[in-house]
Amino acid sequence: MGIRLPTWVWIGAVALSCVAGMVNVVGFLGFEHQAVSHLTGSTSQLGMALAQGDWRSVGHLWGLLIAFSLGAMLSGLLIQDSTLQLGRRYGVALALESMLLLLAIPLFKQHQVWGAMSAAMACGLQNALATTFSGAVVRTTHLSGMFTDLGIGLGHLLRGLPLQLRRLTLSGLIISGFLAGGVIGAWLFVRWQYDALLVPALLTGLTGLGYVLYRQWTLFRHH
C-alpha cells in the first residue's frame, strides 16, 4: 500500500471492528451461543445439522446466513461500489446498522432467533461498507484476512522483502479493535445482558453522524 490512508479510514475501521467484537460476544454469550459477525463457523454447524437431521438448527443457521447476506446486499444497494471513497452514503448505512442492533435487543430478550438474525444482518451490512482501499482488504467483522496479512508480512520480512507497513498496521489495529470489543462486550453482558447491544448501536450511530459531519467539513473546506 504505497499511498497514505485518509484518517477517516483508520478511525472508522478500528471503531467498527470494536463494534463487531462487542456484537459477536453478545451473540456467543446469549441463549443460542451463536456467532453473528462471521459465517465460517455457522456454515460448518449447518453442515453438521444437515448430516444429523437437526432441522430446527438447519432453519436457524440458514436464517443467519441469509440475514448476513441481506445486510451486505443492503449495503450494496446504498453504496454501489467496493472501493472506499469519501462522499458515499456510509452515514445512512451506519444508521441502519444502529437500528438493526436496537431491534435485536427486545428480540434477544424474548429468546427469539430473529434477534440473532437482526444482529447478523447488521454485521453483514457493516462488513460490506468497507471492502477494499488501495489494495488493502478492509474487513471489520472477522479477522482471518487480517491474520493472513500479518503472516504474509512476516514471511516477506524473513525473506528480506519490503514490508507494506501501512497494510500491516491496519491489520493490527483491526485485530486489536475486535479484541477490545470482545472484552468490553463480555464485561457489559455480565452487567446488562442484552442491553449491552445499546453500546455498539450507539457507536455505529455516532460513527455515522461523525462521518456525515466530516464529509460536510471536507466539502466546505474545498469550496
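Only a predicted model underlies this, so the values are computations on that prediction, with no experimental measurement involved.

What counts and what doesn't
- Residues numbered from 1 in each chain as written.
- Predicted model: local features only at pLDDT ≥ 70, side-chain atom pairs only at ≥ 80, totals over all residues.
- Heavy atoms only, no water.
- Axes fitted to C-alpha atoms, helices over the stretch in contact; angles between N-to-C directions.
- Helix = DSSP H or I, 4+ residues; strand = E, 2+ residues; numbered from the N terminus.
- Parallel < 35°, antiparallel > 145°, perpendicular 65-115°, else oblique.
- Left-handed = near helix turned anticlockwise from the far one by under 90°.
- Contact = heavy atoms within 4.5 Å.
- Expected span 1.5 Å × (residues − 1).
- Buried < 20%, exposed > 50% of the residue type's maximum accessible area, 1.4 Å probe, protein only.
- Arc of directions from axis to C-beta.
- Salt bridge = Lys/Arg side-chain N within 4 Å of Asp/Glu carboxyl O.
- Core = buried A, V, L, I, M, F, W, Y, C linked by side-chain atoms within 4.5 Å.
- pLDDT = per-residue confidence, 0-100.
- 1 Å grid on protein atoms, 1.4 Å probe; cavity = no way out; pocket = protein on both sides within 12 Å on 5 of 7 lines; lining within 4 Å.
- Points joined across faces, edges and corners; volume = space filled by probe spheres on them.
- Nonpolar A, V, L, I, M, F, W, Y, C, P; charged D, E, K, R; others polar.
- Phe/Tyr/Trp six-rings, centres within 6.5 Å; stacked < 30°, edge-to-face > 60°.

Q: I'd like a rundown of the packing of helix H6 (residues 144–158) against helix H7 (residues 165–192), residues and numbers included.
A: Two numbers describe how H6 lies on H7: the axes approach to 9 Å, and their chain directions differ by 140°. Classed by the angle they form, the pair H6 and H7 counts as oblique. Both H6 and H7 take part in a crossing whose hand is left-handed. Of the residues in H7, those touching H6 at Met146, Phe147, Asp149, Leu150 and Gly153 are Arg167, Leu168, Ser171, Gly172, Ile174 and Ile175.

Q: An account of helix H2 (residues 40–52) is needed here, citing residue identities and associated values.
A: With 13 residues, H2 should cover 18 Å at 1.5 Å per step; its first-to-last C-alpha distance of 19 Å lies within 8% of that length. Where H2 is concerned, the buried positions are Ser42, Leu46 and Ala49. Viewed end-on, H2 has its buried residues packed into an arc of 65°, placing them on one side of the element. Opposite its buried face, H2 presents the exposed residues Thr40, Ala51 and Gln52, each directed more than 90 degrees away. Buried residues in H2 make contact with helix H3 (55–79). After H2 finishes, the residue Gly53 shows a positive phi value of roughly 70°.

Q: Pulling in residues and values, what's your account of the pattern of salt bridges?
A: The full count for this structure, using the stated rule, is 2 salt bridges. For Glu32, the salt bridge identified is with Arg56, shortest N-O distance 3.1 Å. Placement of Glu32 in the loop between helix H1 (7–29) and H2 and of Arg56 in helix H3 is noted, with a sequence separation of 24 residues between them. Residue classification places Glu32 among the partly exposed positions, given a relative accessible area of 22%. The shortest N-O distance in the salt bridge between Asp195 and Lys109 comes to 2.8 Å. On the criterion of sequence distance, the pair formed by Asp195 in the loop between H7 and helix H8 (198–221) and Lys109 in helix H4 (residues 90–109) is long-range, its members being 86 residues apart. Exposure remark for Asp195: the relative accessible area of 25% places this residue in the partly exposed category. Note on Lys109: relative accessible area 48%, which makes it partly exposed.

Q: Lay out the nonpolar core with the relevant residues and their values.
A: Among the nonpolar cores identified, the biggest contains 42 residues, and Val23, Val36, Leu64, Phe108, Leu129 and Leu197 are the most heavily contacted of them. Ignoring anything within four residues of it in the chain, the contact list for Val23 reads Val36, Leu101, Ala119, Cys123, Leu197 and Pro200. Formed by 10 residues, the second largest nonpolar core is a distinct cluster that contains Val138, Leu170, Ile174 and Ile175.

Q: Could you give an account of the confidence of the model for the protein, naming the residues involved and the relevant values?
A: Close inspection of predicted coordinates is inappropriate in any region flagged by low pLDDT. Within the protein, residue pLDDT values average 87, and 90% of them lie at 70 or more. Per-element confidence in the protein ranges from a low mean pLDDT of 52 for strand E1 (residues 132–133) to a high of 95 for H2.

Q: Give me the lowdown on the environment of Leu64, citing residues and values where you can.
A: With respect to the helices, strands and loops of the structure, Leu64 is situated in helix H3. When the C-alpha atoms of Leu64 and Ser37 are compared, they prove to be 9.9 Å apart, with 27 residues separating the residues in sequence. Those residues in contact with Leu64 that lie beyond four places of it in its chain are Gln34, Ala35, Val36, Leu39, Ser42, Ala116, Met117 and Ala120.

Q: Give me the lowdown on empty space enclosed by the protein, citing residues and values where you can.
A: Within this structure, the stated rule accounts for 1 cavity of 30 Å³ or more. Size it by volume and the largest cavity reaches roughly 30 Å³. Taken together, Gly27, Gly30, Phe31, Glu32, His33, Gln34, Phe108 and Ala116 make up the lining of the largest cavity. Among the residues forming the lining of the largest cavity, the class breakdown is 3 nonpolar, 4 polar and 1 charged.

Q: Explain the packing of aromatic side chains to me, using residue names and the numbers behind them.
A: Following the criterion strictly, the structure yields 2 aromatic pairs and no others. A centroid spacing of 4.9 Å and a plane angle of 5° characterise the contact between Phe108 and Tyr194, whose relative ring orientation is stacked. Here Tyr194 lies in the loop between H7 and H8 and Phe108 lies in helix H4, a separation of 86 residues in the sequence. Looking at Phe108, the relative accessible area reads 4%, which means it is buried. When the ring of Phe189 is compared with that of Tyr194, the centres are 5.6 Å apart and the planes differ by 80°; the resulting orientation is edge-to-face. As far as the burial class goes, Phe189 and Tyr194 line up, both buried.

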